Amino acid sequence: MSGGGAGMSGGEGMAIVPGMTELTRPYWDAAAEGRLVIRECRGCGRLQHPPVPACPACHGADFGWREASGEGAVYSYTIIRHATHAALADAIPYVVALVELAEGPRLVTGITGCPPESVTVGMPVRAAFRRVTDEVTLPYFEPA
Ligand SMILES: [Zn+2]
């Protein structure tokens, strides 16, 4: 877990809790255990994030979940300087990034554990997790 860094690493109530559906529940269940999982098509092996009802590659609908290494790199990012939600007012500035996982899929996530200005494209990062409610633990990334 992080601590004391920039961005989303502060106290309770600073995060937006994402919607959870049957499609994404295994992802959140794994996050609650400190694991990052990516949905894998059993038909063609494509890894897909976020999960969609049918495989974009082979149109199959038989999926499993593969545990990701949690390692990746910043593909692109933006520094948020204006709160778009009252719950985030104490968190700005913070970084929202597109992180490309070592396994290939990219996911939108927060970067924490470093000053927002120090984030760069290509920066190696690793997954970390922060429990925000009894049900939801948010995956985010910090410098590797
Ligand atoms: Zn497929």
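Relevant structure appears above.
The structure presented is a predicted model; accordingly, all values stated were derived computationally and were not measured.

Enquirer: Pulling in residues and values, what's your account of the nonpolar core?
Expert: General note: in soluble globular proteins, nonpolar side chains tend to be found buried as a group. One finds Val74, Ala97, Val99, Ile111 and Phe141 to be the most contacted residues of the largest nonpolar core, which totals 22 residues. Only helix H1 (25-32), strand E4 (71-80), strand E5 (94-101), strand E6 (106-111), strand E7 (124-131) and strand E8 (137-143) provide two or more residues apiece to this core. Counting residues per element, this core draws most heavily on E5, which supplies five residues. In contact with alanine 97, other than residues within four places in its own chain, are Val74, Ser76, Tyr77, Thr109, Ile111, Val119 and Phe141.

Enquirer: So what's going on with the pairing of E5? Which residues, and what values?
Expert: Bridging between E4 and E5 involves eight bridges; their strand directions are antiparallel. Residue pairing for E5: threonine 78 is matched across the bridge by valine 96. As paired strands, E5 and E6 are joined by six bridges and run antiparallel to one another. Paired with valine 99 across the strands is leucine 107, a residue of E6.

Enquirer: Run through the sheet that holds strand E3 (residues 63-67), naming residues and quoting values.
Expert: In sheet architecture, strand pairing relies on hydrogen bonds along the backbone and comes in two forms, parallel and antiparallel. Spatially, E2-E1-E3 is the arrangement adopted by the three strands of the open sheet, whose pairing is antiparallel. Each having just a single partner strand, strand E2 (47-48) and E3 make up the two edges of the open sheet. Strand direction decides the pairing type here: strand E1 (residues 37-41) and E3, joined by five bridges, are antiparallel. Residue pairing for E3: valine 37 is matched across the bridge by glutamate 67.

Definitions and cut-offs
- Residues numbered from 1 in each chain as written.
- Predicted model: local features only at pLDDT ≥ 70, side-chain atom pairs only at ≥ 80, totals over all residues.
- Core = buried A, V, L, I, M, F, W, Y, C linked by C-beta atoms within 7 Å.
- Buried ≥ 20, exposed ≤ 12 C-beta atoms within 10 Å, placed from the backbone.
- Helix = DSSP H or I, 4+ residues; strand = E, 2+ residues; numbered from the N terminus.
- Contact = placed C-beta atoms within 7 Å.
- Pairing = 2+ DSSP bridges.

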